[in-house]
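Fold and geometry: a report
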Amino acid sequence: TAASIAISSMKQVPQTIVMGITNIPMLNAEIVTALSLTLLFIRFIKLGFTTVFIGHVTFCVPYVILNVLPRFRTLNKNAYEAALDLGATPLYAFFKVWPELMPGIMSGFLMAATMSMDDFVITYFTRGPGINTISTLVYSEVKRGIQPEMYALSTLLFLLILVLLLLFNFLSGRKSSIEV
């Protein structure tokens, strides 16, 4: 969200450059990103949870930006400016605009969470010994047979995402019907 705000306030040339950099992880093959991050990490950091975290953030941030930025561009900037003119602090004015950004923020969050849970390649290359995620556990169990616990976990994750999507769509539909 902060990156989207910063990008939208940039001038045209820097904004184009930053958006080009933002699109690199999405256009690159995932294995290229994973290998380049691994080579960088091996040079400076010991592989472990931190490197997996940095790898997933690097991979998921562009998806969040591309979900929040279009929503941010549709905001009425006059409302924010009016709040500032009436004496609101920039932080207070931002949190008054926050509900209008929520659909973009939530879709970015759900997209990033889904991509992060599903991402095997970046996790496989950037993890250290003893670090496992759902995708690496499933991959390691494929050879000897997937345990029933993994089926149960997958079902629970699916139901959690489904409930979140339904709840979010219900609340946003209810809000738009109240505004009309």
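This report concerns the structure included in the present document. Keep in mind that what you see is a predicted model, and the values were worked out from it rather than measured. (Residues numbered from 1 in each chain as written. Predicted model: local features only at pLDDT ≥ 70, side-chain atom pairs only at ≥ 80, totals over all residues. Heavy atoms only, no water.)

1. Regarding the packing of helix 4 (residues 49-73) against helix 6 (residues 90-118)
Which entries qualify depends on this criterion: Axis geometry follows a simple rule: fit a line to the C-alpha atoms, using only the stretch in contact for helices, then measure angles between N-to-C directions, giving values from 0 to 180 degrees. Only DSSP runs of H or I covering at least 4 residues are called helices, and only runs of E covering at least 2 are called strands; the numbering of each starts at the N terminus. Here roughly perpendicular refers to angles of 65 to 115 degrees, roughly parallel to angles under 35, roughly antiparallel to angles over 145, and oblique to all remaining angles. Note on convention: near helix rotated counterclockwise from far helix by under a right angle means a left-handed crossing. Clockwise means right-handed. Contacts: residue pairs with any heavy atoms within 4.5 Å of one another.
In contact at an axis separation of 8 Å, helix 4 and helix 6 are set at 155° when each is read in the N-to-C sense. The orientation of helix 4 relative to helix 6 falls into the category roughly antiparallel. As for how helix 4 packs across helix 6, the hand of that crossing is right-handed. Taken together, the residues of helix 6 that come into contact with helix 4 (itself represented by His56, Phe59, Cys60, Tyr63, Val64, Asn67, Val68, Arg71 and Phe72) are Glu100, Leu101, Pro103, Gly104, Ile105, Ser107, Gly108, Met111, Ala112, Met115 and Ser116.

2. Comments concerning the packing of aromatic side chains
Note the following rule: To pair, rings of Phe, Tyr and Trp, with the six-membered ring standing in for Trp, must have centres within 6.5 Å; the planes then decide the type, stacked if under 30 degrees apart, edge-to-face if over 60, and tilted in the middle. A positively charged side chain is recorded as over a ring if its NZ (Lys) or CZ (Arg) lies within 6 Å of the ring centre. The angle to the ring normal must also be within 35 degrees.
Applying the stated criterion to the full structure yields 7 aromatic pairs. Each ring, one from Phe94 and one from Phe95, has its centre 5.3 Å from the other, and the planes form 70°; the classification is edge-to-face. Ring-pair connections join several aromatic residues into one group, and the members of that group are Phe120, Tyr124, Phe125 and Tyr139. Over the face of the ring belonging to Phe44 we find Arg43, whose NZ or CZ atom lies 5.7 Å from the ring centre.

3. Considering the nonpolar core
Counted only if it meets this: Throughout, nonpolar core names a set of buried Ala, Val, Leu, Ile, Met, Phe, Trp, Tyr and Cys residues whose side chains join them through atoms within 4.5 Å. Residue burial is assigned from relative accessible area. The probe radius is 1.4 Å, only protein chains are included, and a residue is buried under 20% of its type maximum, exposed over 50%, and partly exposed in between.
Residues Phe59, Leu75 and Leu101 are the most contacted members of the largest nonpolar core, which totals 14 residues. Looking at this core, the elements that each hand over two or more residues are helix 4 and helix 6. By residue number, the principal contributor to this core is helix 4, which donates 6 residues. Here Leu101 is in contact with Thr1, Arg71, Phe72, Leu75 and Phe94, once residues within four sequence places are set aside.

4. Description of the packing of helix 2 (residues 12-27) against helix 4
Rules: Think of it as three bins: nonpolar holds Ala, Val, Leu, Ile, Met, Phe, Trp, Tyr, Cys and Pro, charged holds Asp, Glu, Lys and Arg, and polar takes everything else, Gly as well.
Two numbers describe how helix 2 lies on helix 4: the axes approach to 8 Å, and their chain directions differ by 135°. Taken together, the axis directions place helix 2 and helix 4 in an arrangement best described as oblique. In the packing of helix 2 onto helix 4, the handedness of the crossing is left-handed. Listed contacts from helix 4 to Gln15, Met19, Thr22, Asn23, Pro25 and Met26 of helix 2 are Thr58, Pro62, Tyr63, Ile65, Leu66, Leu69 and Arg73. Within the contact of helix 2 with helix 4, the residues separate by chemical class into 8 nonpolar, 4 polar and 1 charged.

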